[in-house]
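An overview of the molecular structure
Read off the chains here:
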Amino acid sequence: MKEIGGYFNLELTNKGEFLHDDGILLNSCRNALEFVLLSLRPKRIWLPKYTCDSVLQPVVHLKLNYCFYSIDKNLEILNVSLDEGDVLLYTNYFGLKDSYTKKLSEKYGHQLIIDNAQSYYSERIKGIATIYSPRKFFGVPDGGIAYVDNPINKKFKQDKSYDRCRHLLMRYDETASEGYSDFRDNDNYLDNREILLMSELTKALLKSVDYVSAKITRNKNFKYLQNKLSETNCLNIQSMDYVCPMVYPYYTRKNNLRNKLIENKVYVATYWHNVLSENNIETFEFDFADKMLPLSIDQRYDIKDMSRIIKILK
Ligand SMILES: Cc1ncc(COP(=O)(O)O)c(C=O)c1O
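Presented here is a report on the structure given in the accompanying data block. (Residues numbered from 1 in each chain as written. Predicted model: local features only at pLDDT ≥ 70, side-chain atom pairs only at ≥ 80, totals over all residues. Heavy atoms only, no water.)

1. Thoughts on the packing of helix α7 (residues 211-229) against helix α11 (residues 303-313)
- The N-to-C vectors of α7 and α11 enclose an angle of 25 degrees; their axes lie 10 Å apart at closest approach. Considering their axes alone, α7 and α11 lie roughly parallel with respect to each other. You can see that α7 and α11 cross each other, and the crossing is right-handed. Between α7, through K220, N221, Y224, L225, K228 and L229, and α11, the contact on the second element is made entirely by I303, M306, S307, I310 and L313.
- Per-class residue counts for the contact of α7 with α11 are seven nonpolar, two polar and two charged. (Axes fitted to C-alpha atoms, helices over the stretch in contact; angles between N-to-C directions. Helix = DSSP H or I, 4+ residues; strand = E, 2+ residues; numbered from the N terminus. Parallel < 35°, antiparallel > 145°, perpendicular 65-115°, else oblique. Left-handed = near helix turned anticlockwise from the far one by under 90°. Contact = heavy atoms within 4.5 Å. Nonpolar A, V, L, I, M, F, W, Y, C, P; charged D, E, K, R; others polar.)

2. Some details on the packing of aromatic side chains
- Counted under the stated rule, the structure contains 28 aromatic pairs.
- With centroids separated by 5.7 Å and ring planes inclined at 80 degrees, the aromatic side chains of Y66 and F68 adopt a geometry described as edge-to-face.
- Under the relative-accessibility criterion, Y66 is labelled partly exposed at 37%.
- An aromatic cluster is defined as three or more aromatic residues linked by ring pairs; in this entry it consists of Y50, Y90, Y93, F94, Y100, Y251, Y271, W272, F284 and F288. (Phe/Tyr/Trp six-rings, centres within 6.5 Å; stacked < 30°, edge-to-face > 60°. Buried < 20%, exposed > 50% of the residue type's maximum accessible area, 1.4 Å probe, protein only.)

3. Remarks on the pairing of strand β9 (residues 292-296)
- Summarising burial for β9: four of the five residues are buried, a large majority.
- Sheet analysis places strand β8 (residues 247-251) next to β9, joined by five bridges and oriented antiparallel. Residue pairing across strands places Y248 opposite L295, the latter belonging to β9. (Pairing = 2+ DSSP bridges.)

4. Remarks on the side chain of D98
- Along the chain, D98 turns up in helix α3 (residues 98-108).
- Summary of buried charges: D98 has no salt-bridge partner, and the nearest side chain of opposite charge, K102, is 5.6 Å away.
- If we skip the residues at most four places from it in the chain, D98 touches N92, S119, S122, D241, Y242 and V243. (Lys, Arg positive; Asp, Glu negative; His and termini not counted. Salt bridge = Lys/Arg side-chain N within 4 Å of Asp/Glu carboxyl O.)

5. Observations concerning the site of the ligand
- Every one of the 14 residues lining the ligand counts as a neighbour, but C29, R30, D115, S133 and R135 are closest to it.
- With respect to the ligand, the side chain of S133 contributes an N or O atom lying 2.8 Å from an oxygen atom.
- Coverage of the ligand by the protein amounts to 95% of the 390 Å² it exposes when considered alone.
- Here the shell around the ligand is composed, by residue class, of five nonpolar, five polar and four charged. (Near = heavy atom within 4 Å. Polar contact = N/O pair within 3.5 Å; in protein donor to acceptor, adjacent residues only side chain to side chain. Areas by Shrake-Rupley, 256 points an atom, 1.4 Å probe, with all protein chains shown as cover.)

6. Side note on the pattern of salt bridges
- Applying the stated rule across the entire model yields 15 salt bridges.
- A salt bridge links E76 to K97; its shortest N-O distance comes to 2.8 Å. Of the two residues, E76 sits in the loop between β3 (65-69) and β4 (86-91) while K97 sits in the loop between β4 and α3, which places them 21 residues apart along the sequence.
- In this structure, the salt-bridge partner of R253 is D287, at a minimum N-O distance of 3.2 Å. Of this pair, R253 sits in the loop between β8 and α8 (257-263) while D287 sits in helix α10 (residues 284-291); the two residues are 34 residues apart in sequence, bridging distant segments of the chain.
- Note on R253: relative accessible area 48%, which makes it partly exposed.

7. A word on unusual backbone geometry
- In the segment running from Y271 into W272, the intervening peptide bond is cis, with an omega of -5 degrees.
- In this structure, L75 is a non-glycine residue whose phi angle is positive, near 65 degrees.
- Residue classification places L75 among the buried residues on the basis of a relative accessible area of 0%.
- Despite not being glycine, K265 shows a phi value in the positive range, around 60 degrees.

8. With respect to a positive patch on the surface
- A cluster of like positive charges, contributed by K228, K254, K260 and K314, occupies part of the molecular surface.
- Relative accessible area serves as the criterion here: at 40%, K254 is assigned to the partly exposed category. (Patch = residues over 30% accessible without salt bridge, like charges linked within 9 Å, V, L, I, M, F, W, Y side chains within 5 Å. Charge placed at Lys NZ, Arg CZ, Asp CG, Glu CD.)

9. What about the pairing of β4?
- Counted residue by residue, β4 has six buried out of six residues, so it is predominantly covered.
- Residues of β4 alternate between two faces, with D86, L88 and Y90 on one and V87, L89 and T91 on the opposite face, all of them buried.
- Note: strand β2 (residues 44-48) against β4, three bridges, orientation parallel. Counterpart to W46 in the pairing with β4 is L88.
- With four bridges joining them, β4 and strand β5 (residues 112-115) adopt parallel strand pairing. Along β5, the bridge assignment pairs Y90 with I114.
- Between β4 and its parallel partner β5, the chain crosses via α3, and the hand of that crossover is right-handed. (Right-handed = clockwise from strand over helix to strand, strands pointing away.)

Everything listed here is a matter of coordinates, which is why it stays silent on function.
What follows is the structure in structure tokens.
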């Protein structure tokens, strides 16, 4: 029975539809991958050497055989040869590999799983298993979305997220550095959790996002940075295409920019620390993880902010 009266909840519009709300709504993207693997039951999975180690969690949990492949300087697959019963996981890097994922889907069909964790706006290609991670694009504590034909028929309990939103709230009242340890705690919390359905709070937050304006802002900021940085960017972004990118990946030979940015309160992540410890220093994967600066272009920022980043980089 609906409760009437009493104290108020946090005011969210909670009215819109959210992108991919027709998928299977779960508690994290890694668990969306686990759901896909439970449904497909492959003999072995091919994983990119260049990815976040959290994608290995469901693979290890399901005791699945796995092997790794390398990527080239266009972030495309170098060396896979699929056997029957194998599946191939490919990350749509930074949301810049839409055409390539289409090509892969034609080549590998039902053996392909697209990891759109970095490409929330990319549409699912019909018939291709696909996963999404909304928290890489919006202020939500968790959530993952899975698409797979013939999903397993299993009931899951529902997650609750209210206790893990401190970092999201702190970014209003405090600085990012002050909320950082809470952000890390939530990140760690997501490790090796059971599959749960997406919490009502995360759904309400996702139903409150203005997806159209976020996309316009991201694309505007991205274009601005590309205009200023393409000549010194070792990643050939011109040859790539996107609906709406996650960040602007600036792959540069210039030293010490990461520290300079951080000193100026422009925070850049490393994608990914595990790639540095798992790969040889001569590999593309190592060099890219080491030197690539993922510059924020998201809906919180405008061209003035982008021009501040450029001034620091010059
Ligand atoms: C490429 C990629 N795939 C999947 C994941 C897993 O996402 P989640 O943290 O929502 O489980 C991540 C997380 O960092 C990621 O970077």
